[in-house]
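Structure at a glance
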Amino acid sequence: MVQVTPFLLLLCLALVAPGLSSTKCVLTGKWINDLGSNMVIEAVNKDGSFKGTYNTSVSDSPHEIKKSPLLGYQQDTSQNDQTIFGFTVNWTFSDSITVFTGQCLVDENGKELLKTMWLLRSHVDDIQNDWKATRVGTNVFERIEDQED
Ligand code: BTN
């Protein structure tokens, strides 16, 4: 009969505990949102900054949609696995800019989701039109596995 000493119990807990915590969310990779827009986030730097490209599936611009650069920051992940982040997309085919902020959350099936809100600022010529220049919305992104952009 094996005797489970308190020491052995503690040792087992120490070994198993890291696996019990939620999966760490990693922003780096390819993502698709509920509108069908794609984005690629490159490696996150030590200071939390990152860059990438955004390919929107929808636009309010008369011009042809083009992949546009994004620049962002993620919060320090040493204490929290479910990363908080923000990024800006500078549309190259339009005179607008969108800022996104959100959190990478893991659902009950272990799937990473980027739950975001965005503000899209469009150009207006006159201060009288400022009231209608900013749109707001939400997007949920999921990871695209093994797909070329
Ligand atoms: C524009 O229409 O001026 C530029 C494209 C804006 C696309 C918006 S940003 C928020 C929303 N989420 C997307 O993936 N695309 C739209």
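Cut-offs used in this document
- Residues numbered from 1 in each chain as written.
- Predicted model: local features only at pLDDT ≥ 70, side-chain atom pairs only at ≥ 80, totals over all residues.
- Heavy atoms only, no water.
- 1 Å grid on protein atoms, 1.4 Å probe; cavity = no way out; pocket = protein on both sides within 12 Å on 5 of 7 lines; lining within 4 Å.
- Points joined across faces, edges and corners; volume = space filled by probe spheres on them.
- Helix = DSSP H or I, 4+ residues; strand = E, 2+ residues; numbered from the N terminus.
- Nonpolar A, V, L, I, M, F, W, Y, C, P; charged D, E, K, R; others polar.
- Phe/Tyr/Trp six-rings, centres within 6.5 Å; stacked < 30°, edge-to-face > 60°.
- Buried < 20%, exposed > 50% of the residue type's maximum accessible area, 1.4 Å probe, protein only.
- Near = heavy atom within 4 Å.
- Polar contact = N/O pair within 3.5 Å; in protein donor to acceptor, adjacent residues only side chain to side chain.
- Areas by Shrake-Rupley, 256 points an atom, 1.4 Å probe, with all protein chains shown as cover.
- Sits in = over half its atoms within 2 Å of the grid points.
- Salt bridge = Lys/Arg side-chain N within 4 Å of Asp/Glu carboxyl O.
- Contact = heavy atoms within 4.5 Å.

1. Let's talk about the layout of surface pockets
The gaps left among the atoms become clear once a water-sized probe is rolled over them. The space that makes up the largest pocket amounts to roughly 460 Å³. Every residue lining the largest pocket is counted, 24 residues in all, and those nearest its centre are Val58, Ser59, Asp60, Ser96 and Leu120. At the level of elements, strand S6 (97-106), strand S7 (112-121) and strand S8 (134-143) are the ones that each hand at least two residues to the lining of the largest pocket. For the lining of the largest pocket, the class distribution of residues is nine nonpolar, 12 polar and three charged.

2. Focus: the packing of aromatic side chains
Applying the stated criterion to the full structure yields eight aromatic pairs. Summarising the aromatic geometry, the rings of Phe50 and Phe87 are spaced 6.4 Å apart at their centres and angled 65 degrees between planes, so their arrangement reads as edge-to-face. Pair noted here: Phe50 is in strand S3 (residues 49-55) and Phe87 is in strand S5 (residues 84-90), with a separation of 37 residues, a long-range link. With 6.1 Å between their ring centres and 70 degrees between their planes, Phe100 and Phe141 make a pair best called edge-to-face. Here Phe100 is found in strand S6, whereas its partner Phe141 is found in strand S8, with 41 residues between them in sequence. Just as Phe100 is buried, Phe141 falls in that class too. Counting every residue linked through ring pairs, the aromatic cluster contains Phe50, Tyr54, Phe85, Phe87, Trp91, Phe93, Phe100 and Phe141.

3. As for the site of the ligand
Around the ligand lies a shell of 16 residues, among which Ser37, Tyr54, Asp60, Ser94 and Ser96 are the nearest. Contact between the ligand and Asn33: an oxygen atom at 3.0 Å from a side-chain N or O atom of the residue. In this structure, Ser59 approaches the ligand through a side-chain N or O atom, which is 3.3 Å from an oxygen atom. Burial of the ligand by the protein chains amounts to 96% of its free accessible area of 410 Å². The site holding the ligand turns out to be the largest pocket.

4. Comments concerning the pattern of salt bridges
For the structure on display, the rule yields six salt bridges. Among the ionic pairs, Lys24 bridges to Asp81, the shortest N-O distance being 3.4 Å. In this pair, Lys24 is assigned in the loop between helix H1 (6-20) and strand S1 (29-33) and Asp81 in the loop between strand S4 (68-74) and S5, connecting sequence segments 57 residues apart. Between Lys111 and Glu142 there is a salt bridge, with its nearest N and O atoms 3.5 Å apart. Of this pair, Lys111 sits in the loop between S6 and S7 while Glu142 sits in strand S8; the two residues are 31 residues apart in sequence, bridging distant segments of the chain.

5. Side note on the side chain of Asn33
Note on placement: Asn33 falls in strand S1. Looking at Asn33, the relative accessible area reads 7%, which means it is buried. A distance of 2.8 Å separates the side chain of Asn33 from the backbone nitrogen of Leu35, its partner in a polar contact. Here the side chain of Asn33 touches Tyr54 through a polar contact of 3.1 Å, side chain to side chain. The residues contacting Asn33, other than those within four sequence positions of it, are Tyr54, Asn139, Val140 and Phe141.

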